[in-house]
Amino acid sequence: TWHLKKIPQIVSERTFSLDSPKFEANTKLELNSVCGIECQKRLPMPSLSDLKDLLSYETVFENGTRTLTEVNVLGLVLDPAANTTTQRSLRKKRQIYGTDSRFSIYDKRFMTNFPFNTAVKISTGCSGILISPKHVLTAAHCLHNGKDYVKGSKRLRVGLMKTKSRGDGRRRKGNKRNGMPSFQWTRVKSTHIPKGWFKGVSEDIALDYDYAVLELKRPHKRKYMELGISPTIKMMPGSMIHFSGFDNDRSGQLVYRFCSISDESSDLFYQYCDAESGSTGSGVYLRLKEPNKKKWKRKIIAVYSGHQWVDVNGEQQDYNVAVRITPLKYAQICFWIHGNDENCTQG
């Protein structure tokens, strides 16, 4: 069951103009030397002042201008034991673990209907997910390498799968579509990235803030997926998660997968979901019952950050990692969507 939680408030304090970015960084879809599970256990929990700094955010607008917004965090109770992890398993040095368990979605009826229609393609080479009529959630490193915004992010576009293609209405007998989705591309009006991402990259600590929200120039009229607060592994049915994206090794195809989570920290899920670059930024979701109802509902509980090499006890190991939507991140993303915290009191 989805459990309602009271959400801390994120409120804007001051906004400053910054120099325009150069937009010259190369997109890097595989990240090296980041803080792994053992490293996470040794990290001190951030203080309230640290969190205010980490949750302050940059906004880049379509014309290339940039601002920094400082925020305050209200109603937060810090949990001193939040950085604990569960069982740890060794990973093989591969992105596909054992038999490839990914499913390519070929049937256009599935592709263009919920939940698969919520998956979108980002013009920098990543995936994302629709979270409102005008907003897309994706990974921060799809847009920024920690020092500068990536090439192509100045004229960022989002590809939504088309519901109809020219000629669909008069398909001839025996003429089957090849299962490749076609896209309707929409310009991005503005992009929000938490300051914690820049800090996390430059100081080589955990990628707890590898998420970003894009505001589209025009609203779409499709069903989107709501945000949910990430439960712990033991609160998930079978510890199973799901996500769909556009993996580079299956060009043009929508690829769906589900798997169990093997480990967690307060901000990250470590899992064996088979994935390749291109699916980075996909929305990870669960299907749970709504409180006091018999209905089931899918909600996004994490952002797939991708394949990462980490240092564990002096050895390089690899993980497929997702950034959890904690109450604080829920409050921030909700604030970005609505422009205020009134609609973000519970999640």
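Just so we're clear, the structure is a prediction, and the values are computed from it rather than from any experiment.

Participant: Help me understand helix α2 (residues 48-55) in this model?
Facilitator: Each turn of an α-helix holds 3.6 residues, which means side chains three or four residues apart point in the same direction. When we look at burial in α2, the residues that qualify are L51, L54 and L55. Buried residues in α2, looked at end-on, bunch into an arc of 85°, giving them a common side.

Participant: Would you mind going over the pairing of strand β15 (residues 268-271) with me for this structure?
Facilitator: Remember that side chains alternate between the two faces of the sheet whenever the strand is regular. A two-sided burial pattern is seen for β15, the buried positions comprising L268 and Y270 on one face and F269 and Q271 on the other. Across 3 bridges, strand β14 (residues 254-264) lies against β15 in antiparallel orientation. For I261, the partnering residue across the bridge sits in β15 and is Q271. Hairpin connection between β14 and β15: a loop of 3 residues separates the two successive antiparallel strands.

Participant: Would you take a moment to explain the pattern of salt bridges for this structure?
Facilitator: If you walk through the whole model with that rule in mind, you get 11 salt bridges. In this structure, K195 and D53 form a salt bridge, with 2.7 Å as the shortest nitrogen-oxygen distance. Residue K195 is located in helix α4 (residues 195-202), and its partner D53 is located in helix α2; the two are separated by 142 residues in the primary sequence. Exposure remark for K195: the relative accessible area of 29% places this residue in the partly exposed category. When its relative accessible area of 31% is taken as the criterion, D53 is described as partly exposed. Bridged by salt links that share partners, the residues E62, R187 and K217 form one connected network.

Participant: What is the right way to look at the nonpolar core in this model?
Facilitator: In summary, soluble globular proteins display a tendency toward joint burial of nonpolar side chains. Within the largest apolar cluster, 67 residues are counted, with the highest numbers of intra-cluster contacts made by I131, L137, V158, Y211, L227 and I333. Per element, the largest residue contribution to this core is 8 residues, and it comes from helix α5 (residues 327-338). Leaving out residues up to four positions away in the same chain, I131 has contacts with V136, L137, V213, Y224, M225, L227, I300, I333 and I337. Judged by nonpolar contacts, the second largest core, of 17 residues, contains I241, C259, L286 and A302.

Participant: It is not clear to me how the environment of R14 should be interpreted in this structure. Could you clarify?
Facilitator: Checked against the element boundaries, R14 lands in strand β1 (residues 9-18). Distance from R14 to V71, taken between C-alpha atoms, is 7.2 Å for residues 57 residues apart in sequence. Not counting residues up to four positions away in its chain, the partners in contact with R14 are L68, T69 and E70.

Participant: Explanation requested: the side chain of E58 in the structure shown.
Facilitator: By secondary structure assignment, the location of E58 is in strand β3 (residues 57-61). A polar atom in the side chain of E58 sits 2.7 Å from the side chain of Y149. Leaving out residues up to four positions away in the same chain, E58 has contacts with L18, R66, T67, L68, Y149, T191, H192, I193 and F198.

Participant: How should I be thinking about the state of the cysteines in this particular structure?
Facilitator: In a disulfide, the sulfur atoms of two cysteines are held together by a covalent bond. By the definition in use, this model includes 2 disulfides. The residue that forms a disulfide with C126 is C142, at a sulfur-sulfur distance of 2.1 Å. On the sign convention where negative is left-handed, the bridge of C126 and C142, at about -95° about the S-S bond, is left-handed. A residue pair is termed long-range when its members are at least 10 positions apart, and C126 in the loop between β6 (119-122) and β7 (127-130) and C142 in the loop between β8 (135-138) and β9 (157-161) qualify at 16 residues. Across the pair, exposure class does not vary: C126 and C142 are buried alike.

Participant: I would appreciate a short explanation of α5 in the present structure.
Facilitator: Taking 1.5 Å of rise per residue, 12 residues should cover 16 Å, and α5 covers 16 Å from first to last C-alpha, within 8% of that figure. The buried fraction of α5 is high, at 10 of 12 residues. The complete set of buried residues in α5 reads L328, K329, Y330, A331, Q332, I333, C334, F335, W336 and I337. Of the residues flanking the end of α5, it is G339, one or two places downstream, whose phi is positive at about 80°.

Participant: For this particular structure, what's the right way to read the side chain of N320?
Facilitator: Of note, N320 is situated in strand β18 (residues 315-324). At a separation of 3.3 Å, a polar atom in the side chain of N320 contacts the side chain of Y304.

Participant: What exactly am I supposed to notice about the packing of aromatic side chains here?
Facilitator: A ring pair, where both rings are aromatic, is described by two values, the distance of the centres and the angle of the planes. Scanning all chains against the criterion turns up 9 aromatic pairs. Centre to centre, the rings of Y57 and W336 are 5.4 Å apart; their planes meet at 75°, and the pair counts as edge-to-face. Of this pair, Y57 sits in strand β3 while W336 sits in helix α5, and the two are 279 residues apart along the sequence. Here W336 falls in the buried class, since its relative accessible area comes to 5%. The interplanar angle of 50° and the centroid separation of 5.7 Å between the aromatic rings of F183 and W185 together place this pair among those described as tilted.

Here is what the cut-offs are and how they apply
- Residues numbered from 1 in each chain as written.
- Predicted model: local features only at pLDDT ≥ 70, side-chain atom pairs only at ≥ 80, totals over all residues.
- Heavy atoms only, no water.
- Buried < 20%, exposed > 50% of the residue type's maximum accessible area, 1.4 Å probe, protein only.
- Helix = DSSP H or I, 4+ residues; strand = E, 2+ residues; numbered from the N terminus.
- Arc of directions from axis to C-beta.
- Pairing = 2+ DSSP bridges.
- Salt bridge = Lys/Arg side-chain N within 4 Å of Asp/Glu carboxyl O.
- Core = buried A, V, L, I, M, F, W, Y, C linked by side-chain atoms within 4.5 Å.
- Contact = heavy atoms within 4.5 Å.
- Polar contact = N/O pair within 3.5 Å; in protein donor to acceptor, adjacent residues only side chain to side chain.
- Disulfide = S-S within 2.5 Å.
- Expected span 1.5 Å × (residues − 1).
- Phe/Tyr/Trp six-rings, centres within 6.5 Å; stacked < 30°, edge-to-face > 60°.

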